[in-house]
Amino acid sequence: MKKRIVIASTLKPVDDVRAYWKFSQSITKTNKYEVNIIGNGTKKEPKIPHVHFRPHHLLKGQWLKRWLLPLALWFKILRIRPKILIISTHELIFCALACKAFLGCKIIYDVQEN
């Protein structure tokens, strides 16, 4: 069974250049990992083996949804049960720490994205 990796962001789309093209493409070439990308939904998602897109739909002006989004992403991450969690938004730091406490996954914060 392949290890699961989650790349999560609140504002970036699921097919973001850094998350999708740089991280997931290089990770899946090793054929050891299953990559799940959580991000804002797009109209057309690419179909790549071992890369799963988990979109959420956040529009401008939805401030309440943006405040509650880390909680919703936490539940998504718990269902996926990753071994490695890569976050690229400061809003997900507490969510990532909670995932580490419950799942024991490794956390990587993508500083270059911010």
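Check the entry above for the structure.
Note that the coordinates shown come from a computational prediction; the quantities given were computed from them, not determined experimentally.

### A look at the environment of His57
- Tracing the backbone shows His57 in the loop between strand E3 (51–56) and helix H2 (63–80).
- Residues His57 and Thr42, spaced 15 residues apart in sequence, show a C-alpha to C-alpha distance of 8.5 Å.

### Details of the pairing of strand E1 (residues 3–13)
- Two strands pair when backbone bridges link them, and E1 and strand E2 (residues 33–40) are joined in this way by seven bridges, in the parallel orientation. In the sheet register, Pro13 faces E2, and the bridge partner there is Asn40.
- For the segment spanning E1, helix H1 (residues 17–28) and E2, crossover handedness is right-handed.
- Sheet analysis places E1 next to strand E4 (residues 84–87), joined by four bridges and oriented parallel. Looking at the pairing, Val6 lines up with Leu85 of E4.

### Re the side chain of Asn36
- Relative to the assigned elements, Asn36 resides in strand E2.
- A residue is classified by how much of its surface remains accessible, and Asn36, at 0% relative accessible area, is buried.
- Excluding anything up to four places from it in sequence, Asn36 contacts Arg4, Ile5, Val6, Ile7, His52, Arg54 and Ile80.

### Points about a nonpolar patch on the surface
- Among the surface-exposed residues, Ile93, Phe94, Leu97, Tyr109 and Val111 lie close enough to one another that they form a single nonpolar patch of about 510 Å² accessible area.
- In terms of residue count, helix H3 (residues 93–103) provides more of the nonpolar patch than any other element does, three residues in total.
- Structurally, the position occupied by Ile93 is in helix H3.

### Some words on H1
- The end-to-end C-alpha distance of H1 is 15 Å, a good match for the 16 Å that 12 residues give at a rise of 1.5 Å each.
- Burial in H1 covers these residues: Arg18, Ala19, Tyr20, Ser24, Gln25, Ile27 and Thr28.
- Considering only its buried residues, H1 is in contact with E1, E2 and E3.

### Thoughts on H3
- Listed as buried for H3 are Cys95, Ala96 and Cys99. An end-on view of H3 places all buried positions within 95° of arc, on one side of the element. Opposite its buried face, H3 presents the exposed residues Phe94 and Ala101, each directed more than 90 degrees away.
- Where H3 ends, the next residue or the one after it, Gly104, has phi of about 75°, a positive value.

### Things to note about the sheet that holds strand E5 (residues 106–109)
- The five strands lie next to each other as E3-E2-E1-E4-E5, forming an open sheet whose pairing is parallel. The open sheet is flanked by E3 and E5, the only strands paired with a single partner. With direction set aside, neighbouring strand axes in the sheet form an average angle of 20°.
- Contacting E1, E2, E3 and E4, H1 runs over the sheet at an angle of about 170° to E2.
- In the packing of H3 onto the sheet, the strands contacted are E4 and E5, and the crossing angle to E4 comes to about 175°.

Quick notes on the rules
- Residues numbered from 1 in each chain as written.
- Predicted model: local features only at pLDDT ≥ 70, side-chain atom pairs only at ≥ 80, totals over all residues.
- Heavy atoms only, no water.
- Helix = DSSP H or I, 4+ residues; strand = E, 2+ residues; numbered from the N terminus.
- Pairing = 2+ DSSP bridges.
- Right-handed = clockwise from strand over helix to strand, strands pointing away.
- Buried < 20%, exposed > 50% of the residue type's maximum accessible area, 1.4 Å probe, protein only.
- Contact = heavy atoms within 4.5 Å.
- Patch = residues over 30% accessible without salt bridge, like charges linked within 9 Å, V, L, I, M, F, W, Y side chains within 5 Å.
- Areas by Shrake-Rupley, 256 points an atom, 1.4 Å probe, with all protein chains shown as cover.
- Salt bridge = Lys/Arg side-chain N within 4 Å of Asp/Glu carboxyl O.
- Expected span 1.5 Å × (residues − 1).
- Arc of directions from axis to C-beta.
- Axes fitted to C-alpha atoms, helices over the stretch in contact; angles between N-to-C directions.

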